[in-house]
Amino acid sequence: MTEFLETTVDKFIFRVATDRYYSSEGLWAQAEASPLPLGEGLGVRVRIGLSDYLQQRSGDVAFVEVKPEGTVLAFGDELAVIETIKASVSLASPVAGKVVEVNPAMEITPEVINQDPYGEGWLAVIEASDCPPFLPPNFGGERGGVARLLDPQAYFLEMKREAEEEAKRL
Amino acid sequence: MSEGGRKVVIVPCSGIGKTYGTVSREAAYEVTEDLRPTDTQLVALSLLVLGDEDARAAVAGRPAVTIDGCKLACAARMVEESGGTVARDFAVLDAYRRHRQFKPQGIAELNDGGHELAHALAEEIAAAVDDLSRNGGEDA
């Protein structure tokens, strides 16, 4: 069962799931069970979605366009564009690899991103070609994916700081 | 005129500074002033929030069509809290999903997409008003 870090900023409650990694932008990446040995890296499926903070900050989602299956992405390439009541937001892939699955709900009921960002609202699954983010923090290397993602605690602090700054501006 | 002279109450979002709120109000004006002026009555959400007696009386016992600009659904909630019945609740976001070619922008002044979306929504609401009028206030 997923556990969460939680904070309240102004009238908003933000939750961070503790069982995945995050890009500083607010996309989560969660490695799925893989037949490959730990550390092998290649071929690991990584599920991607929006953090609770990112979905709340972005607003109610009207449309989502995810790169189609088969698309090969480098770290930071555009994975999806979400159009919300506030803006169109380009989302950068938190891992490198090939898109192997796109959540069909994005086509029909994209509001699931707002309703269940850590569950049914996932965007896509990427077969990682890079060091995937499930590896232990001490797994390094020049292509190390972990170094480029935040663990839940680090993202929580970063998100909280950003949310508090945003609240002060309002 | 609606059956028995019972006008359908139209209550739009009162969100100020929000594009979708502006779309909801523009759609409400079009329905109540142009498309179905004799079958509908516009009631300001702010008056319901204030507990205004005339506004509460207007929604009591009449079918209400609410137009909400966001998921807080203030219009629908306030009609219910004011003793009214929401016969149909329209959400601007859902309307936009049905009419993606009309991307609304702007707040005080909507862009062309916003005007088109408001018009499309107004047409949908007018059709709902017709259904309610035919069915004596019960949604078809």
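Residues numbered from 1 in each chain as written. Chains lettered and ligands numbered in written order. Predicted model: local features only at pLDDT ≥ 70, side-chain atom pairs only at ≥ 80, totals over all residues. Heavy atoms only, no water.

## Re the overall build of chain B
Here's step 1: The secondary structure content of chain B amounts to six helices and four strands.
Here's step 2: Secondary structure of chain B in N-to-C order comes out as β-α-β-α-α-β-α-β-α-α.
Here's step 3: Over its C-alpha atoms chain B spans a radius of gyration of 14 Å, differing by no more than 12% from the 14 Å that the globule rule assigns to 140 residues.
Here's step 4: Expressed along its principal axes, the backbone C-alpha trace of chain B runs to roughly 40 × 30 × 20 Å.
Here's step 5: Restricting to contacts in chain B with at least 6 residues of sequence separation, those with at least 24 account for 63%.
Here's step 6: Here chain B displays about 6700 Å² of accessible surface, and carbon together with sulfur accounts for 49% of that area. (Helix = DSSP H or I, 4+ residues; strand = E, 2+ residues; numbered from the N terminus. Rg over C-alpha atoms; globule rule 2.2 N^0.38 Å. Contact = heavy atoms within 4.5 Å. Areas by Shrake-Rupley, 256 points an atom, 1.4 Å probe, with all protein chains shown as cover.)

## Describing the sheet that holds strand 1 (residues 8-12) of chain B
Residues and elements named next belong to chain B.
Here's step 1: The strand order across the open sheet built from four strands is 2-1-3-4, with neighbouring strands paired in parallel fashion. The open sheet has two edge strands, strand 2 (40-42) and strand 4 (85-91), and neither has a second partner. Averaged over all pairs of adjacent strands, the angle between strand axes in this sheet comes to 25 degrees, irrespective of strand direction.
Here's step 2: With six bridges joining them, strand 3 (residues 63-68) and strand 4 adopt parallel strand pairing. Pairing of Pro63 across the sheet is with Thr85, part of strand 4.
Here's step 3: Where helix 4 (residues 74-81) meets the sheet, its contacts fall on strand 1, strand 3 and strand 4, and the angle it forms with strand 3 comes to roughly 150 degrees. (Pairing = 2+ DSSP bridges. Axes fitted to C-alpha atoms, helices over the stretch in contact; angles between N-to-C directions.)

## Topic: helix 6 (residues 112-134) of chain B
Here's step 1: When the terminal C-alpha atoms of helix 6 of chain B are compared, their 33 Å separation across 23 residues agrees well with the 33 Å that a helix rising 1.5 Å per residue should span.
Here's step 2: Phi turns positive one or two residues past the end of helix 6 of chain B, at Gly136 of chain B, with a value near 60 degrees. (Expected span 1.5 Å × (residues − 1).)

## A short note on the sheet that holds strand 9 (residues 88-92) of chain A
Residue and element names in this part refer to chain A.
Here's step 1: Spatially, three strands are ordered 6-8-9 in an open sheet, and the strand pairing comes out antiparallel. Each of the sheet's edge strands pairs with one partner strand only, and the pair in question is strand 6 (61-66) and strand 9. Strand-to-strand twist across the sheet, computed as the mean angle between neighbouring axes with direction ignored, equals 20 degrees.
Here's step 2: Pairing analysis gives five bridges linking strand 8 (residues 78-84) to strand 9, with the strands arranged antiparallel. Note on strand 9: the bridge partner recorded for Glu83 is Ser88.

## Side note on the pattern of salt bridges
Here's step 1: Summed over all chains, the structure comprises 18 salt bridges over all chains.
Here's step 2: Among the salt bridges present, the one from Lys71 of chain B reaches Asp60 of chain A, with a minimum N-O distance of 3.3 Å. Of this pair, Lys71 of chain B sits in the loop between strand 3 and helix 4 while Asp60 of chain A sits in the loop between helix 1 (52-58) and strand 6, on two different chains.
Here's step 3: We classify Asp60 of chain A as buried; its relative accessible area is 9%.
Here's step 4: The salt bridge partner of Lys67 of chain A is Glu78 of chain A, with a shortest N-O separation of 3.7 Å. Of the two residues, Lys67 of chain A is situated in the loop between strand 6 and strand 7 (72-73) and Glu78 of chain A in strand 8; the sequence distance between them amounts to 11 residues. (Salt bridge = Lys/Arg side-chain N within 4 Å of Asp/Glu carboxyl O. Buried < 20%, exposed > 50% of the residue type's maximum accessible area, 1.4 Å probe, protein only.)

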